[in-house]
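For reference, the chains in residue letters:
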Amino acid sequence: MAPTPLLLRSAAATSTPLRLTTSTARRLLSTTPQPAASTGTSTNETKPKLKPLTPSQKAFLSSALRVNQAGELAATLIYTSQTPPLLRREPHLRPLMSHMYEQEAAHLLTFNTLLAKHRVRPTALYPLWSVLATGLGWGTAMMGKEAAMACTEAVETEIGGHYNGQIRTLLEMVGQWEAEGYDVGEEFRELISTLRRIRDEELEHLDHAVEHDAQKAQPHWLLTGVIRAGCKGAIWVSERV
Amino acid sequence: MPPNCAAVARLLLRPSTATATATSCPLRAIRAASTLVRPPTSASPQTTPRSLSQSHPRPYHSTTHPPPPSPFTPTESAILSASYAHVPTHGFTPSSLALGARAAGYLDISTSIFPEGAFSLIKWHLYTQRTALAGKKDSIAGFESMSLTERVEALTWERLMGNGEVVGRWQEALAIMAQPTYVFASVKELAELADEIWYLAGDVSVDPTWYTKRASLSAIYAASELFMTNDRSPDFSETWHFLRRRLAEAGEIGDATRSVREWLSFTASAGVNVLRSKGVPI
């Protein structure tokens, strides 16, 4: 009697295919991924029909994963170096800082795993980004709580937009496969849902920063402008080397 | 009768033996038909780039999607694998290619689909030996229980043994690979080999050691390969010891740099903490 529920479940999963482009599926993927549905489709007797990746798709994916790893590395270092000077003056921020740091560390671990799994090389400027991120975090924390929060605001604004761009490209890719009658494998469903979850968490940090007086930093426009330009430049470079 | 001539020429290029009838055909028709065995050019956008030099270096590796096609077309593979059998006697030379083309049932002239000549044969050797490593991994006894460095050593040794059959001709091949035209492709192939070995060994580091690991393994492999061409000891035992010594040296250097880095970062953070404890606002 053991195989019966499995068969039923796989039949149910195939009769209502998950479409990534609909809004209902989007909620489902970003918040509660369903492992039951995934095992149902992958152990199905009809193997999913997957399209080989084109060289340009591969190039996009490898540069996307590389830049994401570099970004999360920088984020963990920014929070690490911001925390001690900031908590000296504002001890009540300890839970917030440790919460944000833990999320960034989990993101970094996620991308480290993805890079190793998909054989993507890390950025060659790894040591440079480490030094710059530590300097940025420490420098803004020394300037005060408002500047530190403005730094978070600027960085997370750029990162949120950056992740959105990647998700958009991936959805186009996946939509193209669906239109051509190919299946979308677990690999890409998972990747998209991971990126969505991380994007949401980054935007949550943005909200925290604004709640904690990020926009009272003086001069706010200069600080965020410089940091955002720096972020954009770093993203551009990390996508390439 | 041009259509018939084209058909005859096509037959000639297929694995067949009809040679005498070709005399009455204009050369043009034969040449036109010879394009059939050329790799597809830009006229067919559906096909992916074939040449090794055009492929992206170590791009995203999908675990579920179908792998990219071989960089060699079926015709090229047929001729090259037949030619490869002649390498121990005739070397990495155009004559091996011509013999291979004949053995595979093609005209001698069909080696013109390899504009790089003997280097194509070398590329074939490098490509097939590199891709064969994944299969050889399973035949290494106790691979799963080995440490990372032991795995790298075992895989590098397996790859060196892949040169065993052609080792008498390998110095020639190295000389061709060192020519300015081919140096880039050869170094890239070496880098891909180092990457393959670290990947198969199960290395998951994605920090700057990713680069140092691959660079040092490339250097060690290239040195061992050169050493092996002059090794006359039974079962290449001298090469085996040479490889072990080089890997041990690299390990020592790695340990030393790691210790220095650890000491530096500990001292720096301890210094900052001392200053903070003294009330310096940093």
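Residues numbered from 1 in each chain as written. Chains lettered and ligands numbered in written order. Predicted model: local features only at pLDDT ≥ 70, side-chain atom pairs only at ≥ 80, totals over all residues. Heavy atoms only, no water.

Applicable threshold: UniProt positions are given in the numbering used here, feature names are shortened, and annotations may be inferred rather than shown by experiment.
Identification of chain B as Ubiquinone biosynthesis protein from Immersiella caudata is taken from an unreviewed UniProt entry. Under the UniProt heading Pathway (unreviewed entry), the entry covering chain B gives this text: "Cofactor biosynthesis; ubiquinone biosynthesis." We quote the UniProt Sequence similarities (unreviewed entry) comment for chain B here in full: "Belongs to the COQ9 family."

The name recorded for chain A in an unreviewed UniProt entry is 5-demethoxyubiquinone hydroxylase, mitochondrial, from Immersiella caudata. Regarding chain A, the UniProt comment filed under Subcellular location (unreviewed entry) reads as follows: "Mitochondrion inner membrane". The record in UniProt for chain A states the following under Catalytic activity (unreviewed entry): "a 5-methoxy-2-methyl-3-(all-trans-polyprenyl)benzene-1,4-diol + AH2 + O2 = a 3-demethylubiquinol + A + H2O".

Considering the pattern of salt bridges
The condition is simple: The term salt bridge refers to a side-chain nitrogen of Lys or Arg lying within 4 Å of a carboxyl oxygen of Asp or Glu. Secondary structure follows DSSP: runs of H or I at least 4 residues long count as helices, runs of E at least 2 residues long count as strands, and numbering of each begins at the N terminus. Using a 1.4 Å probe on the protein chains alone, a residue whose accessible area is under 20% of its type maximum counts as buried, one over 50% counts as exposed, and one in between counts as partly exposed.
Following the criterion strictly, the structure yields 20 salt bridges over all chains and no others. Residue K145(A) pairs with D213(A) through a salt bridge whose shortest N-O separation is 3.2 Å. Taken as a pair, K145(A) in helix α7 (residues 145–179) and D213(A) in the loop between α8 (186–211) and α9 (220–240) lie far apart in primary sequence, 68 residues in all. Exposure remark for D213(A): the relative accessible area of 23% places this residue in the partly exposed category. The shortest N-O distance in the salt bridge between E249(B) and R246(B) comes to 2.9 Å. Taken together, the positions of E249(B) and R246(B), both in helix α11 (residues 237–277) and 3 residues apart, correspond to about one turn of that helix. Residue classification places E249(B) among the partly exposed positions, given a relative accessible area of 37%. Three or more residues are tied together by salt bridges with common partners; here these are R119(A), D195(B), E196(B) and R214(B).

Looking at the UniProt feature "binding site: Fe cation 2" (unreviewed entry) in chain A
Residues and elements named next belong to chain A. Annotation from UniProt places "binding site: Fe cation 2" (unreviewed entry) at E104, E156, E202 and H205. Spatial clustering of the annotated residues is evident: they stretch over 102 residues in sequence, but the largest pairwise C-alpha distance comes to 11.4 Å. Looking at E104, the relative accessible area reads 0%, which means it is buried. When you line up the elements, H205 lands in helix α8.

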